[in-house]
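The residues making up each chain are set out below.
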Protein chains: 2
Amino acid sequence: MKLINYIFLLLIFLSNAACAQTHPNMILTKSGVDKVAAHKNPVMFDRVLDETRIQVDLAISEGIMVPIPKDMGGGYTHEKHKNNYFNMQSAGALYQITGEEKYAAYIKEMLLEYTAMYPNLPPHPTNRSYAVGKIFWQCLNDANWMVYTSQAYDAIYNYLSVAERKKIENEFLKPYANYLSIGNPKYFNRVHNHSTWGNAAVGMMALAMDDDKLLQRALYGLDLKDVDELAKDNDGGFIYDKDQAKAGFFAQIDYSFSPDGYYGEGPYYQRYAMLPFMVFAQALNNKKPELKIFEYRDSILIKAVKSLLNQTNQSGEFFPINDAQKGMSIYPNSVVTAVNVAYNASLDEEFLNAARRQGTVLLDQGGWELAKVIESSSARTFVNKSMQFTDGYNGDEGGLGILRAGDPENQSTVVFKYTSQGLGHGHYDKLGYLMYDGSTEVMQDYGAARWVNIDQKGGGRYLKENNTWAKQTIAHNTLVVDQKSHFGGEYDIANLHHSDPVFFNTNNPDAQTAGARELNAYPGVEMNRILVLWEDDYFANPVLIDYFSADTKESHDYDMPYQFAGQIMSQNFDYKTEMPTTMGDGHGYQHLYKEATAKAGDNIQMNWFKDSKFYTLTTLSEVGDDIILARVGANDPEFNLRRDALLIHRKENAKSPRFLSVIENHGTYSRVTERPVDPYSKIASVKITNENNQVVTFNIRAKDGNSWSIEVNKSSGEVKIINK
Amino acid sequence: MKLINYIFLLLIFLSNAACAQTHPNMILTKSGVDKVAAHKNPVMFDRVLDETRIQVDLAISEGIMVPIPKDMGGGYTHEKHKNNYFNMQSAGALYQITGEEKYAAYIKEMLLEYTAMYPNLPPHPTNRSYAVGKIFWQCLNDANWMVYTSQAYDAIYNYLSVAERKKIENEFLKPYANYLSIGNPKYFNRVHNHSTWGNAAVGMMALAMDDDKLLQRALYGLDLKDVDELAKDNDGGFIYDKDQAKAGFFAQIDYSFSPDGYYGEGPYYQRYAMLPFMVFAQALNNKKPELKIFEYRDSILIKAVKSLLNQTNQSGEFFPINDAQKGMSIYPNSVVTAVNVAYNASLDEEFLNAARRQGTVLLDQGGWELAKVIESSSARTFVNKSMQFTDGYNGDEGGLGILRAGDPENQSTVVFKYTSQGLGHGHYDKLGYLMYDGSTEVMQDYGAARWVNIDQKGGGRYLKENNTWAKQTIAHNTLVVDQKSHFGGEYDIANLHHSDPVFFNTNNPDAQTAGARELNAYPGVEMNRILVLWEDDYFANPVLIDYFSADTKESHDYDMPYQFAGQIMSQNFDYKTEMPTTMGDGHGYQHLYKEATAKAGDNIQMNWFKDSKFYTLTTLSEVGDDIILARVGANDPEFNLRRDALLIHRKENAKSPRFLSVIENHGTYSRVTERPVDPYSKIASVKITNENNQVVTFNIRAKDGNSWSIEVNKSSGEVKIINK
């Protein structure tokens, strides 16, 4: 080796060594802080700075409290320790940005109190989790603590003396990181959002302490042989996937997302999981740029944030597929963080949309840059487009199709679910769909039966009605055969299967289509669904055409539910209300009251009112089919369920039924003028005029005599429309 | 008589004659138009001008259509004639303000078409009203037509030739005005909002045509002897009050409002009625200033608009007492008109509040002045204050007490109803109350069972459930004795009585009180209610204390309903849900499902969730009292009713019961952070510690041991509070 090479290597070594000892260098960096100090802050950043200062100054004035851990979520010690980590992280940022020592002193004192307490701390006394924490009842919350506190520690690293660092690290932070990893291998080595927090926590603390061995553990996991396979967690999900061969942060990245960035549990959980992914990645990017973490797996982390932001309605609320509390949106801190980091890592203008709506940024150099760009930006607004996200590691385990059309300020959005099960939080709704008119749920998903963090309702945890109602097939918009949920509602079976996309075709903006197939939900039943989002000037808004076919070997009973959850206004069938009776004793039917019944003619048509708008369903039926107007709420001894209304179209003892439905979003009502506009639908009837292996043809007839023949190619989703 | 006097009289005659021939001089005036023309328009006015121009230009481009009357409300001919009068009125304003002749030509051509049609027009073919119209199915709508069209006619009066005016007036407008007055004496001579429209219509057309004889008829009515007394209208209300001695516009002003400007049917109907009151008054003020119409009856019209604006929640929505569609607010054109006219007539800055929120003005000189003031104004914002409105012509027929406290941006508001019946639209809820937290209904009034103008629901008219549920006592928040509505739900009896205020005492801003008495709702039962809106730093928001006593001769059964209409979160009683059964067969009980029952201890406490906020009711009970968790929706064969939840506290076979309740508004929940704040109440229990003829004393005990003794003087409402 030539001398020049030695010198070169030496230089690299020295610069790495120097770099390793530069602090802060995780989320905040020395150069970033210097840049912020040298320029005028953008207005939004200044506002965040002021708000954070008020929050932390108040915490400082209240004094430091590090109580012995005792309570579960919502209880005093839990909330106190939670506030502690938020305040430490904020104080770290304030110390770096303002240079005021009181913020560093606050963190130092707090850490020393934790250091004094930790060595004598047993596992949390509640003993209620599959992975009991130290400061909190579950390791997940301890990991949260460490993700935030690692940033505070990095921020005051140079403020601490060597002796102080040694004491805090050796007596507290390193043993604590070991507890979360070596001490809880089932937790640490799992591929799951809880464990992503664990990996990020240990990894970020490793970076803050410049502990490379610990970092390797965070990135690549513990040796897998150490733990039992296939144990289950609190939510009933497997702790290991049978085929799992890797663990640690890279394994999380590999296994958590499809190649399109889709997260198997759905956006509600992804939103929570994205924070540790993105902050740890940001820290790695600053401190270990050679890992090129944001380029890893074809920039999967950036794609994942885009996927998250695209799974939203007009208000920025996530589609409530699988276990999801409705109303969760792009506005919480976790998504603000994801957007801040993703924007700074990619400089992709598409993220500015979300950042502008969020109206806030992180208190770090990335947040500063983002605020600057927003302040000065005349960048265009991005309108969410139709998009398909494949599911599964290789993108071959089904997917989620999102069709969008109409007024960009009030899009018609159809979410078609042909994914895999979605792990322990998945629902049994293969080929189910949701429909939105802007932010109004035209056809809803019930979401989860849970009040997150609200103690009165089962301590804020999942309620038993989540399993008995919310997860069941009848709580969704898809076919129920013989009044049983898909896969019999058995997680272990459902987890083996996924639906398959057949086509996702948005070539024709006036007739965008998605088709998917499910072969395993019911043995002997092949289910296919084709959705067409159809725009025609004849209609005020895009119209959804929904074709569902089941090919069966035997005769069965079929229920097609329509979760309209609104106020019935008119209908073409004579119904008779009756005293409510429960509709069954399992698979969700035990929670349904039958309120009225009717017999169908050759079409069922119902007009309803919701959020001051009028909608109409027109669906093909055979004379004598049953119509049931049902309502959620039976067998609900603690009033845990909403009293939402649905219509069930029932066919009994039939082979290979076909359902063809059209949903119009046609009218509005103003409470100011009290004038309805177009309260009635334009459609008179629908029928299937032809079906063979290649195509299926529908006829839609309007009340004014207009008539459309709509032919859909079953393989490509290509549509031919003839207006007669 | 001296010569000078003759000359003086001649001058008056000449100036009057000259004045009588000046046009426009009703809503728009010549001098007003000149002023607008001479100055730059305020931005808001320009926007209204542009919007109106777009609307009328479109109408002009579509051509004039004056179809033969045929349809009811919602039908083609009805809506067309309605649009015609709106467009003519707008075109008149545009002609005056812009000077563009096309607008005058449009009105002229339209009027000539009506003139050609009118002579051969029979009464409207539907024959569905007690007062059948010509162009519309009821005179009310014809009167609407004339109120708007009179303004258009005034605007183009000078544009028309004498011959044209003669033709239009003699062949159309005068016969039409005669039809609405002489032709329909029961309609024209009534004291009722419908007839206010009739009087204003005829009066405004009289002013436009300078027809003083017709004007006198509008102001003072027809001779009363001509008509049958006590006939009933479509809504079941009397057409004449037995004691009515006057008719015409002045009688409307005299009889429609209490001296405080309270309108007996409530704000929902007042909002509709105010338009003809205010526009006719405006026209009279311009053209007959000697009548001093805005000073009449101690400026009652100005007071009436203030009363209307004060009967609103934080969103500007009217309290839905009596028959009212919820959501009606200060934003419709009728209230914009009332505010514009009232501001210009009084220059009272309090009206600027409403005008600012409405964000729009009328297209006339009054609207111009108002827009100018708003644009330049730094006037302070008025916060709605506690206020009592007496009811009845002399202010001695009960009243409505409104208590307000707390955050001006999110006031706690309690509406206490001890009025008279409220005519045909009154509900049977003596001593009932509503409670708001900002715009959230903490204790709701169901409102009317009606979808106004929505054809699917009974043609938009009152539904039968309005009588069988919405009007009944159990649909409100007041005592039901023996499961019968007040006055047995008999309008003729209820109409004879009113409740009486005992005190309305807001001297102490920390404990504002209202007390009222009802002696006639149930023979042998004297009912008293005292409401205290209590502010104490111990509680996050004002707390409502509600004391209801019934002094009875005999034993009865009592139901005290709490219309919380939210999601039960927790409670201090063990309830058992059951299959829904109906609770009775009349007086509204036939519409209630019993969903769960429980037995009370010495306090009933229930915590619920609504609009992401937490509330708690704590009410005194005797051990063994019944608790019923009920829901609206039984015997509802057309799904006309909302599925709202209520709690009923039932005492059986008892004499002189006392109810003491406290309602706390204590907590919030964010769907962004998913963190609840103060989800639980602070109160442990309430009791009555002393009661005699002078005072009643309550004890409120908090969970932390705090305790308050609250003594209320039964005559004055004075409160003494001791915190122990």
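Now for a look at the structure at hand. Note that this is a predicted model, so its numbers are computed, not measured.

Here is what the cut-offs are and how they apply
Residues numbered from 1 in each chain as written. Chains lettered and ligands numbered in written order. Predicted model: local features only at pLDDT ≥ 70, side-chain atom pairs only at ≥ 80, totals over all residues. Heavy atoms only, no water. Helix = DSSP H or I, 4+ residues; strand = E, 2+ residues; numbered from the N terminus. Buried < 20%, exposed > 50% of the residue type's maximum accessible area, 1.4 Å probe, protein only. Contact = heavy atoms within 4.5 Å. Pairing = 2+ DSSP bridges. Salt bridge = Lys/Arg side-chain N within 4 Å of Asp/Glu carboxyl O. Axes fitted to C-alpha atoms, helices over the stretch in contact; angles between N-to-C directions. Parallel < 35°, antiparallel > 145°, perpendicular 65-115°, else oblique. Left-handed = near helix turned anticlockwise from the far one by under 90°. Nonpolar A, V, L, I, M, F, W, Y, C, P; charged D, E, K, R; others polar. Buried area = accessible area lost by both parts, 1.4 Å probe. Polar contact = N/O pair within 3.5 Å; in protein donor to acceptor, adjacent residues only side chain to side chain. Least-squares fit on C-alpha atoms with pLDDT ≥ 70 in both.

### Digging into unusual backbone geometry
All names here are of chain A.
Here comes step 1: Geometrically, the link from H23 to P24 is a cis peptide bond, its omega value of -5 degrees lying close to zero.
Here comes step 2: For P24, the location among the structural elements is in the loop between α1 (3–20) and α2 (30–38).
Here comes step 3: With phi around 45 degrees, S656 is a residue other than glycine that occupies positive phi space.
Here comes step 4: Here S656 is to be found in the loop between β18 (645–654) and β19 (658–669).

### Quick notes on the environment of S715 of chain A
All names here are of chain A.
Here comes step 1: One can find S715 in the loop between β23 (707–713) and β24 (719–723).
Here comes step 2: By relative accessible area, which is 53% here, S715 ends up exposed.
Here comes step 3: Between the C-alpha atom of S715 and that of A93, which follows or precedes it by 622 residues, the distance is 55 Å.
Here comes step 4: Apart from the residues within four sequence positions on either side, S715 is in contact with V502, F503 and Q694.

### With respect to the sheet that holds strand β18 (residues 645–654) of chain B
Residue and element names in this part refer to chain B.
Here comes step 1: Spatially, β6-β11-β18-β17-β14-β13 is the arrangement adopted by the six strands of the open sheet, whose pairing is antiparallel. Each edge of the open sheet is held by one strand with a lone partner, namely β6 (480–481) and β13 (576–582).
Here comes step 2: Pairing geometry for β13 and strand β14 (residues 592–599), over four bridges, is antiparallel. Looking at the pairing, T581 lines up with K594 of β14.

### Topic: the pattern of salt bridges
Here comes step 1: Counted according to the given criterion, the structure contains 71 salt bridges over all chains.
Here comes step 2: A salt bridge links E674 of chain B to R271 of chain A; the nearest nitrogen and oxygen atoms lie 3.9 Å apart. One end of the pair, E674 of chain B, is in the loop between β19 (658–669) and β20 (676–677); the other, R271 of chain A, is in helix α12 (residues 267–287), on a second chain. When sorted by exposure, E674 of chain B lands in the same class as R271 of chain A, which is buried.
Here comes step 3: Notably, a salt bridge pairs K102 of chain B with D57 of chain B, separated by 3.3 Å at the nearest N-O pair. Of this pair, K102 of chain B sits in helix α5 (residues 101–117) while D57 of chain B sits in helix α3 (residues 43–62), and the two are 45 residues apart along the sequence.

### Digging into the packing of helix α7 (residues 162–180) of chain A against helix α9 (residues 193–209) of chain A
All names here are of chain A.
Here comes step 1: The contact between α7 and α9 brings their axes to 10 Å, and the two run at 150 degrees. In terms of orientation, α7 lies roughly antiparallel with respect to α9. Note that α7 runs across α9; the crossing there is left-handed. Contacts between α7 and α9 pair E169, L173, K174, A177 and L180 from the former with V202, M205 and M209 from the latter.
Here comes step 2: Across the contact of α7 with α9, the residue classes break down as six nonpolar, no polar and two charged.

### Here's the deal with the interface of chain B and chain A
Here comes step 1: Tallying the contact residues gives 54 residues for chain B and 54 residues for chain A.
Here comes step 2: Summed over both partners, the interface of chain B with chain A comes to about 4,300 Å²; 52% of that surface belongs to carbon and sulfur atoms.
Here comes step 3: The largest contributions to the chain B side of the interface with chain A come from Q456, F639 and E674 of chain B, which together make up 18% of the buried area.
Here comes step 4: For the interface between chain B and chain A, the tally reads six salt bridges.
Here comes step 5: Of the charged contacts in the structure, one is a salt bridge between R675 of chain B and E79 of chain A, with a shortest N-O distance of 2.9 Å.
Here comes step 6: Here chain B is connected to chain A by 26 residue pairs in polar contact (both at pLDDT 80 or more).
Here comes step 7: Looking at the side of chain B that touches chain A, the elements that each hand over two or more residues are α4 (76–98), α12 (267–287), β12 (567–571), β13, β14, β15 (603–610) and β17 (626–632) of chain B.
Here comes step 8: If one sorts the elements of the side of chain B that touches chain A by residue count, β13 of chain B sits on top with six residues.

### Let's talk about the relation of the copies chain B and chain A
Taken together, a rotation about one axis and a shift along it account for how the two chain copies relate.
Here comes step 1: For the match of chain B to chain A, the screw axis carries a shift of 0.0 Å, the RMSD comes to 0.0 Å, and the turn is 180 degrees. Those values place the two copies in the arrangement expected of a two-fold rotation axis. Minimal C-alpha separation from the rotation axis in chain B is found for P580 of chain B, amounting to 3.3 Å.
Here comes step 2: Of the interface residues in chain B, 100% have counterparts in chain A that sit at the interface too, so the contact is made through matching surfaces.

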